[in-house]
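Descriptive structure summary
Chain by chain, the residues:
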Amino acid sequence: MAFYLSSKKAMKLSLKQQIFLAVFIPCLVISSTILWYFFNEQHQNNQQEFTQNAKRISNSLSETLIYGIKFNNTAFLEKITRQALNKDSLSSINILDTQFQSISNIGSSEHTNYDISKPTIYNEQDACIHFLIPIYDLIDHSNHLNNNAPIIGYLALEFSTNPITIKKYKMISLYLFAGFISAILFAIYAFYISRKISSPVINLNEKLLKFNDNQDIDFIAFNGEGELKLLSDNINTLAKNLRITQEELQTSTDQDNQDLKQHLENIEIQNIELEMARREATEANNAKSEFLANMSHEIRTPLNGIIGFLNQLKKTKLTKKQESFIETIGISSQGLRYLIDGILDLSKLEAGKLSLELREVNLRESIEETLHLFAPEIQHKNIELNYIHYHDTPFDFMLDAVRFRQILSNLVANAVKFTSQGEITVRVMVENSHPNENQVTLKISVQDTGVGIKKNQQDRIFNAFNQADPSTTRKFGGTGLGLVICKKLVEQMDGDISVESEESKGSTFWFTIKATLAPSKPIIKYNFADKNPVIIFENNPTSLLTLEHHLNSVNCPFITAENIENFISLCQNEQYKTAIIGINHKQKQFDTTIQDIQSKHPIQLIVLSNLEYGSREQKIIERLAHRYLSKPLRQQDILNAISKFENKPAQQIHQRRKIDSMDSTLTKPESTGINILAVDDNEINLKLISVILSEFKVDIHLARNGFEALEKANQQYFDLIFMDIQMPEMNGIETTKAIRSSQPSQQYTSIIALTAHALAGEKEMLLQEGFDDYLTKPIDEQQIQAVIQKWTGMDISATDLSNNQLDYQLDYQLDYQLKNQLKNQISQIKSTSSEYNKNEQPCIVDLKEGLSLANNKPDLAQDMLNMLIDSLDDDYIKIEQYHQANQNDELLRVVHKLHGATHYCGVPTLRDRTEQLETALKLGDTINIPKLVELLLNDIQDLLNWAKENKIDIIDWR
């Protein structure tokens, strides 16, 4: 990398500079190396010479001191050492005995650590050299070289290295000066060489610049020799050839300009003619499109009248033959309307008048709603329709939902039309991401196992009024407009559409669109992570994959059964609470299998099926299963079913199924169009209000808790919601706030509070919490009628009002002060004519009152009383347990629920007792609560005893 950078930098230098550096740098490096070598050699010689001189002095001095040490003559020793000190760089002399104890010490040395194994020590920090010399006995001095003579002492000498250091610095100065002089000489030499070599090249370059600037080409005169002479001759040859070529080119250019001018004149004439033809074609096409659009609109207007009056005619009394004729006319009219709609869309697209309306769309919901429209047809044909939304694909986008669904429905409709057996699979995935633009490219594919398309016919299916095979129109019908409309819509969405098909094996139509991501909307969160796994069994692999995608998306644990025997075996395990089984028309004795599982294993069973709705098999399965879901499957349905069954005992689920069935039966045939949602966790209350609402021409929807109410309110718009206040998990106030926060600003739903017991100030508090109105249980038909009329403006009944009805009308039409005054006056009028005896003690069961509360319907009154009595055992245990555990909040919840149920049955004693205990619990009356609990338990036991003594099923309610 360093070589590359240096080479790149060198390319920016001129030739003269490069030559200078090429000569100067090597000379400088070589001279520096030579100077360093001689300096190092001289310095080492000085050190060796200094060391040898120090050793010579040490040996000479040690021989001189033998006498003084032998006879311990201190004066002699001191005299000798003083004479030797400060000579030849000797800075310290220390005479030691054999134990290294000092005998005589002269000098400033602080060295005391003597080691005979290291006689010479260099101390660079103190700039000195230490010598330790043994002194041998004089008697046998001749043998000291053999180390046989005894040692009588040691001589420690310290020599200063300052002389060597001074010589070193002198040499450094000398060599630096020599190097500086050498560098100057080398620079002069390099400059001379670079100038001599580069001057001829610069001259050549100036001549070439003249060529480049189109100046008069002149020949180069060069007096040099060698390669530069050869280069100048070649340049002169090039200049000569270039002059000739330039003259020829000029001649050719003049001729070409003449030809081009003539050609441009011809093209201009042709362009004028083409533009005129284009304008005429555009005007004709626009006229055609406008004519088609106008004609389509004019034809569709009377056609809508025909279809509308046909629907009205169906409501009259007709003979079988007339009904058949009307049905045929209706089918033909719908087909004609679809054809006109297709022509109208095509004409708008061709005229460029169709614009996309982007808005926030939940892709999963939009696709599921589209596929759900094909449920009857796929059930009739016994084929599977699956939808797989891959986990890395977002849900919320800015799209034209209408046009997107039009594309998808056209493709799915074709797949359903041409598929007689097998399956159809819709897949959605992200093909490309564009993070900078906050966009993604979506790919949606529709795969079927139908008749397929031949290779040579696939190109023309996207042309208007064309189909793959002319016989297709006769066999399957169709105009051939669907795919061409899809193609133009996809292209308008910056996408592409194509098909992959093999005859007799099926087709895969896919299209891509570029969509902008939208902010994710809050969704209902399911917490399945800590729940028991769900058992699933599905014979169809694609349907199984779809189901697994739905469960994995919310982290719901599940176990897949390999076969039906494995599924039944897993259902026997008590740790599993929920099981899902998918069935189709090919499976035999499925009703026996489901019935066997239901009867032997305490597990909540959800059945997924594509059986035709209303068929004998479908009705059997729906009756046997805890929850029946038709295919194509919607994720929200399956998750709601699983969530609903969590932590619910089997007996309670069976009881709930009785009320579940009311959702599909309570809507009146001739509906006023008013959508009403009733929310209550008490089955008795919910059943009564549903029966009362069924008397009116409204669309009724039921919810059994706050979460279910919030889910339904997010899925569709309701004109009115009746909301119970005291509910577990999410009470009525919390549910109302959640609905208000999630509701679009342009929509508003009136919410009516239902409370069985309202203390002073509680009603005003409910209005402040977001409720529009309130009703106090028990409620009756007149109350419901007055509320619906007040908050929807729809007069659902024209009957006269009784005294009670007048009371409720006043309750909603006057302000609170006048209302209370008028109600008191009405109460006084009633008290004078009433046969009710205030001193009469209420009985355990009042059948007459129960019948009145059930809107004078004996069957309903009997069902209400049965449901209340069936729930008393469980309520008795909970009240006793919560009271003993001092859990007043849970106790209030149970008592409130029981109090609400008593308002719809003729049990006055139990109703009064629950009201007293609920009041005490709300006020925190700890003194009276124990006594009231005891009385309430006694009242419950009395009612249970009454039920045992009397046969409810044979009671004459009239």
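How each quantity is defined
- Residues numbered from 1 in each chain as written.
- Predicted model: local features only at pLDDT ≥ 70, side-chain atom pairs only at ≥ 80, totals over all residues.
- Heavy atoms only, no water.
- pLDDT = per-residue confidence, 0-100.
- Contact = heavy atoms within 4.5 Å.
- Core = buried A, V, L, I, M, F, W, Y, C linked by side-chain atoms within 4.5 Å.
- Buried < 20%, exposed > 50% of the residue type's maximum accessible area, 1.4 Å probe, protein only.
- Helix = DSSP H or I, 4+ residues; strand = E, 2+ residues; numbered from the N terminus.
- Pairing = 2+ DSSP bridges.
- Axes fitted to C-alpha atoms, helices over the stretch in contact; angles between N-to-C directions.
- Phe/Tyr/Trp six-rings, centres within 6.5 Å; stacked < 30°, edge-to-face > 60°.
- Lys NZ or Arg CZ within 6 Å of the ring centre and 35° of its normal.
- Patch = residues over 30% accessible without salt bridge, like charges linked within 9 Å, V, L, I, M, F, W, Y side chains within 5 Å.
- Areas by Shrake-Rupley, 256 points an atom, 1.4 Å probe, with all protein chains shown as cover.
- Salt bridge = Lys/Arg side-chain N within 4 Å of Asp/Glu carboxyl O.
- Expected span 1.5 Å × (residues − 1).
- Polar contact = N/O pair within 3.5 Å; in protein donor to acceptor, adjacent residues only side chain to side chain.
- Left-handed = near helix turned anticlockwise from the far one by under 90°.
- Nonpolar A, V, L, I, M, F, W, Y, C, P; charged D, E, K, R; others polar.

**Things to note about the confidence of the model for the chain**
Predicted confidence across the chain gives a mean pLDDT of 77, with 77% of residues reaching 70 or more. In this model residues 647-670 is a low-confidence stretch, pLDDT under 50, and it forms 48 contacts with partners more than four residues away in sequence or in other chains. Below a pLDDT of 50 lies the segment residues 798-841, which in the model reaches 31 contacts outside its immediate sequence neighbourhood of four places, other chains included.

**Overview of the nonpolar core**
Ranked by size, the top nonpolar core spans 59 residues in total, and within it I689, L693, F722, I784, I788, L868 and I879 carry the most contacts. If you look at the next biggest cluster of nonpolar residues, it comprises 46 residues, including Y387, F397, F509 and A515.

**Structural notes on unusual backbone geometry**
Here K631 and P632 are connected by a cis peptide whose omega angle stands at 5°. Mapped onto the fold, P632 is located in the loop between strand 17 (627-630) and helix 17 (635-645). Positioned with a positive phi, N886 is a non-glycine residue whose angle comes to about 60°. With respect to the secondary-structure elements, N886 resides in the loop between helix 27 (858-884) and helix 28 (888-902). By relative accessible area, N886 is classed as exposed at 60%.

**Quick word on the sheet that holds strand 14 (residues 558-560)**
Pairing in this open sheet of five strands is parallel, and the strands run 14-13-15-16-17 from one edge to the other. Edge positions in the sheet fall to strand 14 and strand 17, since each of these pairs with one other strand and no more. Sheet twist, expressed as the mean angle between neighbouring strand axes with direction ignored, is 20°. Here strand 16 (residues 604-609) runs beside strand 17; their pairing, made up of four bridges, is parallel. In the strand pairing of strand 17, I606 is matched with R627. Docked against the sheet, helix 13 (residues 541-552) engages strand 13 (534-538), strand 14, strand 15 (578-583) and strand 16, running at close to 160° with respect to strand 13.

**Let's talk about the packing of aromatic side chains**
Inspection of the entire model under this criterion finds six aromatic pairs. Relative to F24, the ring of F20 has its centre 5.6 Å away and its plane inclined at 10°; by these criteria the two rings are stacked. One end of the pair is F20 and the other is F24, both in helix 2 (residues 15-64) and four residues apart, which spans about a single turn. Overall, the relative accessible area of 16% leaves F24 in the buried class. Ring pairs connect the aromatic residues W36, F39 and Y175, which therefore count as one cluster. The positively charged end of K443 is found above the aromatic ring belonging to W510, 5.0 Å away from the centroid.

**A word on a nonpolar patch on the surface**
Together, F177, F180, I181, I184, L185 and I188 make up a nonpolar patch on the protein surface, roughly 610 Å² of accessible area in all. Here F180 shows up in helix 5 (residues 162-212).

**Structural notes on helix 13**
With twelve residues, helix 13 extends 16 Å from end C-alpha to end C-alpha; this agrees with the ideal 16 Å at 1.5 Å per step. Restricting attention to buried positions, one finds in helix 13 the residues T542, S543, L544, T546, L547, E548, H550 and L551. Its side-chain oxygen placed 3.0 Å from the backbone nitrogen of T542, N540 serves as the N-cap of helix 13.

**Description of the sheet that holds strand 21 (residues 750-755)**
Strand order in the open sheet formed by five strands is 19-18-20-21-22, and the pairing between neighbours is parallel. This sheet does not close on itself; its edge strands, each paired only once, are strand 19 (699-703) and strand 22 (773-776). For this sheet, the mean inter-axis angle between neighbouring strands, taken without regard to orientation, is 20°. Examined bridge by bridge, strand 21 and strand 22 share four bridges and lie parallel to one another. Within strand 22, the position partnered with T755 by the bridge is T776. Across the sheet, helix 20 (residues 706-715) lies against strand 18 (675-679) and strand 19, angled at about 140° from strand 19, the strand it touches most.

**So, helix 23 (residues 781-792)**
Taking 1.5 Å per residue, twelve residues should reach 16 Å; helix 23 reaches 16 Å between its end C-alpha atoms and fits that length. All buried positions along helix 23 are accounted for by Q783, I784, Q785, A786, V787 and I788.

**Brief notes about the side chain of N386**
Locating N386 in the fold gives a position in strand 7 (residues 384-389). Residue class for N386 comes out buried when judged on its relative accessible area of 5%. Apart from residues lying up to four places away in sequence, N386 is in contact with E423, I424, T425, V426, N540, T542, S543 and T546.

**Brief notes about the environment of L936**
If you trace the backbone, L936 turns up in helix 30 (residues 929-949). Between the C-alpha atoms of L936 and T909, which are 27 residues apart in sequence, the distance is 9.3 Å. Residues in contact with L936, not counting those within four places in the same chain, are I879, V895, L910, R913, T914 and L917.

**Regarding the packing of helix 10 (residues 401-418) against helix 12 (residues 482-492)**
Contact geometry of helix 10 with helix 12 gives a least axis separation of 10 Å together with a crossing angle of 145°. For the crossing formed where helix 10 meets helix 12, the hand is left-handed. On the side of helix 10, the interface is formed by R403, Q406, I407, N410, L411 and N414, while helix 12 contributes G482, L483, I485, C486, L489 and V490. Of the residues that constitute the contact of helix 10 with helix 12, the class distribution is seven nonpolar, four polar and one charged.

**Quick look at the pattern of salt bridges**
Within this structure, the stated rule accounts for 18 salt bridges. One salt bridge in this structure joins E275 and R278, with 2.8 Å as the shortest N-O distance. Highlighted residues: E275 and R278, both in helix 6 (residues 227-314), separated by three residues, approximately one helical turn. For E275, a relative accessible area of 29% gives the class partly exposed. Relative accessible area serves as the criterion here: at 45%, R278 is assigned to the partly exposed category. The closest approach of N and O atoms between R704 and E708, which form a salt bridge, is 3.3 Å. Under the relative-accessibility criterion, R704 is labelled buried at 5%. A relative accessible area of 17% means that E708 is categorised as buried.

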